[in-house]
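Notes for the structure review
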Amino acid sequence: IYQKSKLYIAVPSNWLLEKVENSILSPAILEARVIPNGVDLSLFRPKDKIHACQTLGVGREGSVLLFAAHGIRKNRYKDYKTLREAIAIVGRGHHQGKVAFIGLGEANPSETIGKSVLHFVPYQDDPRMVAKYYSASDVYIHAALADTFPNTILEALACGVPVVATAVGGIPEQVKGLDWGGHPRSVPAYSAEKATGLLAPPQDPNALAQALLILLKDESLRMRLGENAVRNARERFDLKRQAQNYLEWFEEIVERRNSRP
């Protein structure tokens, strides 16, 4: 069936494009194009952190680190085991105030992991409320075993929140990872003038924790990466830009078909 098909395929990342080109779809591809996903920048944008914290009742006495996923603890694509171990390491290594970790996407009782406190928040279907959690956060964490081009990372970047994530799938194409000691050498690294977060190897809780501690201990670096994140999100991850890219491609396809003899 695929060999007799004629498909135009769009994917959000080069990583996924390579997978498609080596898949059963390959014989059917007339043209494939990378069009990054976008988010609504009128909704996901920098907002006052203090006001967001007061509204949500979080982070009043220290730093807030957010991670989000549907079914956080049992999601087979996310890596809660590594995340939980990293949280414990951060609790032992951070001595500049309290650190609150917020898990958005699952209802569970709060728990203490070493010196860190982990609060769970049920899934929120109102994107305005989700945006408030990003605004209240100092760092967004994304620990995954596999992922393509997660929207949560785009949303965090657009809100001016630097991202610490595992370098799997299309994530290194979303996050411009700072050149630090634990950066995976298989993906590009950036200076502080361009970086939007830090990347760590998968299933490495120590590296993930050290990346988080770097940002927790260096407020000026954290602010710089947050500013870079907003600027980069506006350049690459605007939902309107995504829609326009699709429309232009559709017009090209139709024009080519209509010009055939």
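The paragraphs below set out a description of the structure included in this document. (Residues numbered from 1 in each chain as written. Predicted model: local features only at pLDDT ≥ 70, side-chain atom pairs only at ≥ 80, totals over all residues. Heavy atoms only, no water.)

With that settled, consider the overall build of the protein. Per the secondary structure count, the protein includes 9 helices and 9 strands. In terms of overall dimensions, the protein is globule-like: its C-alpha atoms have a radius of gyration of 20 Å, near the 18 Å expected for 261 residues. Viewed in the frame of its principal axes, the protein has a C-alpha envelope of about 70 × 35 × 35 Å. Within the span of the protein, comprising 261 residues, buried residues form 48% of the whole. A separation of at least 24 residues holds for 63% of the contacts in the protein among residues at least 6 apart in sequence. Of the roughly 13300 Å² of accessible surface on the protein, a fraction of 50% belongs to carbon and sulfur atoms. Distance between charge centroids for the protein: 2 Å, based on 33 positive and 28 negative side chains. (Helix = DSSP H or I, 4+ residues; strand = E, 2+ residues; numbered from the N terminus. Rg over C-alpha atoms; globule rule 2.2 N^0.38 Å. Buried < 20%, exposed > 50% of the residue type's maximum accessible area, 1.4 Å probe, protein only. Contact = heavy atoms within 4.5 Å. Areas by Shrake-Rupley, 256 points an atom, 1.4 Å probe, with all protein chains shown as cover. Lys, Arg positive; Asp, Glu negative; His and termini not counted. Charge placed at Lys NZ, Arg CZ, Asp CG, Glu CD.)

With that out of the way, let us pick up the packing of helix α2 (residues 49-56) against helix α4 (residues 127-135). Where α2 contacts α4, the axes come no closer than 8 Å and their chain directions differ by 120 degrees. Considering the angle they form, α2 stands oblique to α4. α2 and α4 meet at a crossing whose hand is left-handed. For the pair formed by α2 and α4, the contact residues are K49, A52, T55 and L56 on the first element and M129, K132, Y133 and S135 on the second. Taken together, the residues of the contact of α2 with α4 sort by class into 4 nonpolar, 2 polar and 2 charged. (Axes fitted to C-alpha atoms, helices over the stretch in contact; angles between N-to-C directions. Parallel < 35°, antiparallel > 145°, perpendicular 65-115°, else oblique. Left-handed = near helix turned anticlockwise from the far one by under 90°. Nonpolar A, V, L, I, M, F, W, Y, C, P; charged D, E, K, R; others polar.)

Now for helix α8 (residues 219-236). Residue pairs three or four apart in sequence face the same way in an α-helix, which turns once every 3.6 residues. Here α8 is 18 residues long and its end C-alpha atoms lie 25 Å apart, about the 26 Å a rise of 1.5 Å per residue gives. For α8, the complete set of buried residues consists of L221, R222, L225, G226, N228, A229, V230, N232 and A233. Check the buried side of α8 and you find it contacts β7 (139-142), α5 (151-158), β9 (197-200) and α7 (205-217). (Expected span 1.5 Å × (residues − 1).)

Mapped onto the fold, E106 is located in the loop between β4 (98-104) and β5 (111-113). One polar contact links the side chain of E106 to the main-chain amide nitrogen of I72, over a distance of 2.7 Å. (Polar contact = N/O pair within 3.5 Å; in protein donor to acceptor, adjacent residues only side chain to side chain.)

Attention shifts here to α7. Between its terminal C-alpha atoms α7 stretches 18 Å, which fits the 18 Å expected from 13 residues at 1.5 Å a residue. Within the sequence span of α7, burial applies to P205, A207, L208, A209, A211, L212, L213, L215 and L216.

Here we take up the pattern of salt bridges. One side chain can pair with another of opposite charge once the charged atoms of both are near each other. Scanning the entire structure with this criterion turns up 13 salt bridges. Among the ionic pairs, D138 bridges to K49, the shortest N-O distance being 3.7 Å. A residue pair is termed long-range when its members are at least 10 positions apart, and D138 in the loop between α4 and β7 and K49 in helix α2 qualify at 89 residues. A relative accessible area of 11% means that D138 is categorised as buried. Its relative accessible area of 27% is what places K49 among the partly exposed residues. With a shortest N-O distance of 3.8 Å, R256 and E252 are connected by a salt bridge. With R256 and E252 both in helix α9 (residues 239-258) and 4 residues apart, the pair spans about one turn of that helix. Connected through shared salt-bridge partners, E31, R33, E252 and R256 make up one network. (Salt bridge = Lys/Arg side-chain N within 4 Å of Asp/Glu carboxyl O.)

Attention now goes to the sheet that holds β9. Spatially, the 7 strands line up as an open sheet ordered β5-β6-β4-β3-β7-β8-β9, and their pairing is mixed. Unpaired on one side and paired on the other, β5 and β9 mark the two borders of the sheet. With strand direction ignored, the average angle separating the axes of adjacent strands in the sheet is 25 degrees. (Pairing = 2+ DSSP bridges.)

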